[in-house]
Structure formats: C-alpha cells, structure tokens
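Geometric and topological summary
Chain residues, written in single-letter form:
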Amino acid sequence: MSPAAQNFSVEFFPPRSAEARVKLDRVHKELTKLGPAFFSVTHGASGSAKEGTRELVLDYFAAGSEIAPHLTSTGTDLGHVRELLAAYRDAGIRRLVVLRGDRPAEQPSRERGFHARHLVEFVRAECGDHFHIEVACYPETHPESPSYAMEVEHFRQKIDAGANSAITQYFFNADAYFRFVEASAGAGVAIPIVPGIMPITNFAKLTAFSAKCGAEIPLWLARRLADFGDDQQGLRGFGEEVVSGLCERLLRGGAPGLHFYSLNLAGPVRGIWKNLGLCDLSRRR
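To keep things clear, this report deals only with the structure shown in the data block. Fair warning: this is a prediction, and the values are worked out from it, not measured in the lab.

Quick look at the overall build of the protein now. Across its full length, the protein carries 11 helices and 8 strands. When each of the 285 residues of the protein is scored for burial, the buried share is 51%. For the protein, the share of sequence-separated contacts (at least 6 apart) that also reach a separation of at least 24 residues comes to 80%. Total accessible area on the protein is roughly 13200 Å²; 51% of this is exposed by carbon and sulfur atoms.

What follows concerns helix 6 (residues 174-186). Helix length check: helix 6, at 13 residues, gives a terminal C-alpha distance of 19 Å against a target of 18 Å (1.5 Å per residue), a fit within 8%. Check the buried side of helix 6 and you find it contacts strand 5 (132-137), helix 5 (148-160), strand 6 (165-170), strand 7 (193-197) and helix 9 (232-252). The N-terminus of helix 6 is capped by Asn173, whose side-chain oxygen sits 3.0 Å from the backbone nitrogen of Asp175.

Below, the discussion takes up the nonpolar core. With 75 residues, the main nonpolar core has Leu31, Leu85, Phe131, Phe155, Phe172, Leu250 and Leu258 as its most contacted residues. Ignoring sequence-local partners within four residues, the contact set of Leu85 consists of Leu71, Leu96, Phe122, Val123, Glu126, Cys127 and Phe131.

Of all 5 residues that make up strand 7, 5 are buried, and the element is covered over most of its length. Here strand 7 shows two buried faces, one formed by Ile193, Pro195 and Ile197 and the other by Val194 and Gly196. The pairing of strand 6 with strand 7 spans 3 bridges and is parallel. Bridge pairing links Tyr170 to Gly196 in strand 7. In this fold, strand 6 hands off to helix 6, which returns the chain to strand 7; that crossover is right-handed. Across 2 bridges, strand 7 lies against strand 8 (residues 257-261) in parallel orientation. Residue pairing in the sheet places Ile197 in a bridge with Phe260 of strand 8.

Turning our eyes to something else, we now look at the environment of Tyr148. Turning to its location among the elements, Tyr148 is positioned in helix 5. The class for Tyr148 is partly exposed, based on a relative accessible area of 35%. For the pair Tyr148 and Ala183, spaced 35 residues apart in the sequence, the C-alpha separation amounts to 9.5 Å. Apart from the residues lying within four places of it in its own chain, the contact partners of Tyr148 are Pro139, Thr141, Arg179, Phe180 and Ala183.

So, about the packing of helix 3 (residues 78-91) against helix 4 (residues 116-127). Axis separation between helix 3 and helix 4 bottoms out at 11 Å; the angle between their running directions is 55 degrees. Viewed along their axes, helix 3 and helix 4 adopt a mutual orientation that is oblique. Crossing geometry of helix 3 relative to helix 4 is assigned as right-handed. Between helix 3 and helix 4, the residues in contact are Leu78, Val81, Arg82, Leu85 and Arg89 and Leu119, Phe122, Val123, Glu126 and Cys127, respectively.

Taken as a whole, the second largest pocket encloses approximately 170 Å³ of empty space. Along the walls of the second largest pocket sit Phe13, Pro15, Ser17, Glu19, Ala20, Lys23, Leu24, Arg26, Val27, Leu263, Asn264 and Leu265, which together make up its complete lining. The residue makeup of the lining of the second largest pocket, split by class, is 7 nonpolar, 2 polar and 3 charged.

As a further point, take helix 8 (residues 219-227). For helix 8, the full list of buried residues reads Leu221, Ala222 and Leu225. Seen from one end, helix 8 has its buried residues packed into an arc of 100 degrees, which puts them on one side. Of the exposed residues in helix 8, the ones pointing more than 90 degrees away from its buried face are Leu219, Arg223 and Asp227. Positive phi shows up at Gly229, right after helix 8, with a value of about 55 degrees.

Tracing the backbone shows Arg54 in helix 2 (residues 47-62). Residues within four places of Arg54 in sequence aside, it is in contact with His80, Glu83, Leu84, Ala87 and Tyr88.

Right, let's talk about the packing of helix 6 against helix 9 for a bit. Between helix 6 and helix 9, the least distance of the axes is 10 Å, while the angle of their chain directions is 25 degrees. Classified by the angle between their axes, helix 6 and helix 9 sit roughly parallel to one another. The chirality of how helix 6 crosses helix 9 is right-handed. Along its contact with helix 6, which presents Ala174, Asp175, Tyr177 and Phe178, the element helix 9 presents Leu246, Arg249 and Leu250. In the contact of helix 6 with helix 9, the residues fall into 5 nonpolar, no polar and 2 charged.

What counts, and where the lines are drawn
Residues numbered from 1 in each chain as written. Predicted model: local features only at pLDDT ≥ 70, side-chain atom pairs only at ≥ 80, totals over all residues. Heavy atoms only, no water. Helix = DSSP H or I, 4+ residues; strand = E, 2+ residues; numbered from the N terminus. Buried < 20%, exposed > 50% of the residue type's maximum accessible area, 1.4 Å probe, protein only. Contact = heavy atoms within 4.5 Å. Areas by Shrake-Rupley, 256 points an atom, 1.4 Å probe, with all protein chains shown as cover. Expected span 1.5 Å × (residues − 1). Polar contact = N/O pair within 3.5 Å; in protein donor to acceptor, adjacent residues only side chain to side chain. Core = buried A, V, L, I, M, F, W, Y, C linked by side-chain atoms within 4.5 Å. Pairing = 2+ DSSP bridges. Right-handed = clockwise from strand over helix to strand, strands pointing away. Axes fitted to C-alpha atoms, helices over the stretch in contact; angles between N-to-C directions. Parallel < 35°, antiparallel > 145°, perpendicular 65-115°, else oblique. Left-handed = near helix turned anticlockwise from the far one by under 90°. 1 Å grid on protein atoms, 1.4 Å probe; cavity = no way out; pocket = protein on both sides within 12 Å on 5 of 7 lines; lining within 4 Å. Points joined across faces, edges and corners; volume = space filled by probe spheres on them. Nonpolar A, V, L, I, M, F, W, Y, C, P; charged D, E, K, R; others polar. Arc of directions from axis to C-beta.

That's the geometry; what it means functionally is another story.
Next up, the structure:
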C-alpha cells in the first residue's frame, strides 16, 4: 500500500486558555503543511470545554482543514449531541470520532450505561450515512475488559452499529496490533483499523497516562527512557527513533495509515513524519 493510499491524521485537544489557543493555532498551521487526511478534536468533559471543541472544530474547518470532531456517550445529553450533529452537518463536516469517553466514578462497570455502540446507532438514526464514523479499539485490551475475546466482541458491536473505520489506543508493541487485526477479522470485522501513535516526549507523563488507559510500555523501553533522567532532549531524540521504527513496521505490515496523538505539539509529529518520508504527502493528494 503506497503512502498516498493511506490515511495519516493528527489529534488535538481543545486549549484551556486564550494563550494555549494561540499556540495551537500555530501548531495547526505548521502541521497542515504536512498534508494530513484530517485533524480530530477531542470532546471536552465540561461545559466550557465542550464549547471549546465545537469552536475549534468549526474554526479549523472554515480555515480549510478536514476535521473529525469527537463525540462521547458518557456524560453527554442526547439533546446536546443532536445540536452538535446539526451544527457539524450544516457546516459541511463529514467525519466523526465516536467514543464512550471516561466513565463517572459512580458507574463501576463497563456493561452499564450508554456506550459507544449506542452513540453510533444514534448518529446513524439522526443523520443516516452523512458522517464517516471512526470508533476506538484497544489492541492490548481496554482496562475494563474482562477478556481479550470480549474486547474483540465489543469492537465488533460498534462496527455492526454502523462504524466505518477505527483508530486504536496507542501501543508500543506492533505484534499486539497485528494480532488484534487478525482476531477482529476472524470475528467478521472488515473495516480499516488505523494504529494510534503516541510520540514520546515526557517519560513521567507517559507512564502515568499509560497506567490509566492500559497501554503497555515494554520493560526494555521503560528502563531506557528512565535512564535519560532530566535529559529531555536525549529522551525525545531516542523516543522519536523508537516510535519512527514502530511506525515503519506497522506500515510495512499493511496498516492503512497512522493517527498521531499530537498532545498539541508540532515538533514530535513533524519529526516522525519526516523520518517516514511522508513530508510530500500534500503534493500527492
């Protein structure tokens, strides 16, 4: 599969201040030059953050970027979802990322509540086939999954509900991705599964977030990263090398693209993009 036939995308989160928005605008402008297929924007959990998502989505779409706003089923009023869908559809947006989102502490089980597959069904009922719907999947299993088999089954249900493609949680073990794709195919899933890629920029933050979301940092990698101590420049250089190598293996193995969790930073994404030889994608599209 040639790079031109693959989808490379970048994720942002809504900035929390006017200063952060100015910085993100610069990052967006810089990464736009790389020619990604689309940018996704995460869905804020609070009222102001939710409005920040809508504002960012509509602003960047008006500026000419393909945008995929996130929608979450947890803690979201369906009336609000209906309003968002109308606003995005009227603006001309054609892609969504539909997720469950973080559950409230008082909701202890993954089996309860309104989940991503229900939200996919809701979007289809409201908007038909207007939106291309991305959903999440977890090659190393979701922290709340009782088994690997149930992880694949939950994923299959989201596809049956009407999802078009999927973006994985990030990982650092390519075999986990390839085996999950194989298991999903065995369960009847026949949609593109795009690997989610996390650049390595801060070991402490990566460790904390990975523990929360269930992404495994291989022991050899964790120890190498720990050895850098306060040498952030060295850590980022090594991290770029490791993640670039992971991406190369994924693409050689047939991955239909890559989705970069940018952390609202341009440099790490740009460095990996360059290492993969993707810098002229905008001229090939």
